Amino acid sequence: VEGLVGKIPVIRVIYKSSKQIVGAFSFNKDKALMTAVLVEYPRKGVKAMGFITKRDTAGLMGKDGVDYGAGQVAVFLPTTPNPTSGYFIYVPKEDIIELAMSVEESVRVLMSAGVLGPGQIQKGDL
């Protein structure tokens, strides 16, 4: 099946990118980190989909002695249509909206630039 998918130009790129990003998050066995989220980014009122990479960022100390990581969550915001690149940001815990979808489903939404919604994605499609 992979050989067949690898011969279809647009599908090949989506499949390979999806596989890379899912693989990158699969290295960590802590399923709590494998969470798709929405955060307000790049400005107020606009939401971006991302993934929690670390829930406890305490210890991010500034030279002034302030712990800038306290109360923050580390989030990776992938770019569309190539989710292997993106932005890394710290977000206050209270500003995180956890989504009820798997990493695979959220990558599919990202890769399609929102054309495919969560309800249109079947488990096992990847």
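Just so it is clear, the structure is predicted and the values come from calculations on it, not from any experiment.

Asker: Explanation requested: the sheet that holds strand E3 (residues 72-78) in the structure shown.
Answerer: Hydrogen bonding along the main chain pairs the strands of a sheet, whether they run parallel or antiparallel. With respect to topology, five strands assemble into an open sheet ordered E4-E3-E2-E1-E5, the strand pairing being antiparallel. The open sheet has two edge strands, strand E4 (86-92) and strand E5 (97-98), and neither has a second partner. Judged from the two bridges that link them, strand E1 (residues 36-40) and E5 form a sheet pairing that is antiparallel. In the strand pairing of E5, valine 37 is matched with glutamate 98.

Asker: It is not clear to me how a nonpolar patch on the surface should be interpreted in this structure. Could you clarify?
Answerer: There is a patch of nonpolar side chains on the surface, built from Leu60, Val66, Tyr68, Phe88 and Tyr90 and spanning about 470 Å² of accessible area. Here valine 66 is to be found in the loop between strand E2 (47-54) and E3. Using a relative accessible area of 37% as the deciding quantity, one classes valine 66 as partly exposed.

Asker: Even after reading the chapter, I still don't get the pairing of E1, so can you show me in this structure?
Answerer: Side-chain direction in a regular strand flips from residue to residue, so the side chains alternate between the two faces of the sheet. The sheet contact formed by E1 and E2 spans five bridges and is antiparallel. Residue pairing across strands places alanine 36 opposite phenylalanine 51, the latter belonging to E2. Linking E1 back to E2 in an antiparallel pair, the connection comprises six residues, with glycine 45 at a positive phi of about 90 degrees.

Reading guide: rules and limits
Residues numbered from 1 in each chain as written. Predicted model: local features only at pLDDT ≥ 70, side-chain atom pairs only at ≥ 80, totals over all residues. Heavy atoms only, no water. Pairing = 2+ DSSP bridges. Helix = DSSP H or I, 4+ residues; strand = E, 2+ residues; numbered from the N terminus. Patch = residues over 30% accessible without salt bridge, like charges linked within 9 Å, V, L, I, M, F, W, Y side chains within 5 Å. Areas by Shrake-Rupley, 256 points an atom, 1.4 Å probe, with all protein chains shown as cover. Salt bridge = Lys/Arg side-chain N within 4 Å of Asp/Glu carboxyl O. Buried < 20%, exposed > 50% of the residue type's maximum accessible area, 1.4 Å probe, protein only.

As far as function goes, none of this settles anything; it's purely spatial.
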